[in-house]
Amino acid sequence: MTLLLAAVGATVTALLELTVGPYLQIGTAEPHLVLVLGITVTVAIGLEAGLVWAFVGGLVLDVIAQRPLGSSSFALLLCVAATAILATVLVRIRPLVPIIATLLLSAVYSMIHFVALNALIAPIRVGDPVALILPGVAYDTLLAAVIGPLVVSIHDRRSNVERLDW
């Protein structure tokens, strides 16, 4: 049931990213809602739900935005896998992992997506691609700082995990 909810959530989030996302633009920064919530789902629920989120969300983004099929899914899957590794390494500061992972992986997602679009469509002439993606990285990190710790804390509070009582 969790994987089905992840697929439905990714679909709704991809639709929101493509319809409402341009209206949430600040300067040149647009939010990557599927990435931020995919990272949060991976930390809160687990790798399987994060992989489903990334695959379905990426496919919906590609189909609706008419991008090469699989380019967004590829970038999202790599970022979700890296998030799962970070979540296992930084288990002590679990509520802060979505913020750290988004700060690191938002730039990776944008660059993978940029390279994939350059390779699969036509070369995009950009003087400095890093300066182009930095406002988006800041925006995504801000969203993760608002959403991530809250979702992870609520999930941890509601899950029935046995803990040692001293």
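Everything below is about the structure shown above.
Predicted model, so just to flag it, every value in this text is computed and none were measured. Each residue is numbered by its place in its chain's sequence as written, counting from 1. Where local features are concerned, this predicted model is filtered to residues with pLDDT of at least 70; where side-chain atom pairs are given and counted, the filter is 80 or more; whole-chain, interface and lining totals use all residues. The side-chain quantities take in all heavy atoms of the structure and omit both hydrogens and water.

Within the patch definition used here, like charges are joined within 9 Å and nonpolar side chains (Val, Leu, Ile, Met, Phe, Trp, Tyr) within 5 Å, considering only residues with over 30% relative accessible area and no salt bridge. Method for areas: the Shrake-Rupley scheme with a 1.4 Å probe, in which residue coverage is limited to the protein chains shown. Salt bridge, as used here: a side-chain nitrogen of Lys or Arg that lies within 4 Å of a carboxyl oxygen of Asp or Glu. A contiguous nonpolar patch, built from L4, V8, V12, L16, V20 and L24 and spanning about 480 Å² of accessible area, is present on the exposed surface. By the criteria applied, helices consist of DSSP H or I runs no shorter than four residues and strands consist of E runs no shorter than two, each listed in order from the N terminus. Note on placement: L4 falls in helix 1 (residues 2–19).

Take the pattern of salt bridges next. All chains considered together, the criterion is met by one salt bridge. For R94, the salt bridge identified is with D156, shortest N-O distance 2.9 Å. On the criterion of sequence distance, the pair formed by R94 in the loop between helix 4 (71–89) and helix 5 (97–120) and D156 in helix 6 (residues 129–158) is long-range, its members being 62 residues apart. Relative accessibility thresholds used throughout: buried, under 20% of the residue-type maximum; exposed, over 50%; partly exposed, between the two (1.4 Å probe, protein chains only). Classification of R94 by relative accessible area gives partly exposed; the value is 24%.

Before going further, it helps to spend a moment on the nonpolar core. In plain words, nonpolar cores are sets of buried Ala, Val, Leu, Ile, Met, Phe, Trp, Tyr and Cys residues tied together by side-chain atoms within 4.5 Å. Counting residues in hydrophobic clusters, the biggest one holds 21 residues, and the most contacted among them are V34, L35, W53, L61, L76 and Y109. Those elements giving two or more residues to this core turn out to be helix 1, helix 2 (33–44), helix 3 (47–65), helix 4 and helix 5. By definition, residues are in contact when any of their heavy atoms lie within 4.5 Å. If we skip the residues at most four places from it in the chain, V34 touches T13, A14, E17, W53, G57, L61 and L76. Counting residues in each nonpolar core, the second largest holds six residues, with A29, L33, Y139 and L143 among its members.

With that out of the way, let us pick up helix 6. By this rule the span expected of a helix is its residue count minus one, scaled by 1.5 Å. With 30 residues, helix 6 extends 42 Å from end C-alpha to end C-alpha; this agrees with the ideal 44 Å at 1.5 Å per step. Consider a residue and the seven residues that end there alongside the seven that start there; fitting an axis to each set, the bend is the angle between those axes. At A144, helix 6 is deflected by roughly 35 degrees, the largest bend along its length. What helix 6 keeps buried is the set I133, G136, V137, Y139, D140, T141, L143, A144, G148, P149, V152 and D156. The secondary structure elements touched by the buried residues of helix 6 are helix 2 and helix 5.

Attention shifts here to unusual backbone geometry. Positive phi, normally seen in glycine, also occurs at Q66, with a value near 55 degrees. Its location among the elements puts Q66 in the loop between helix 3 and helix 4.

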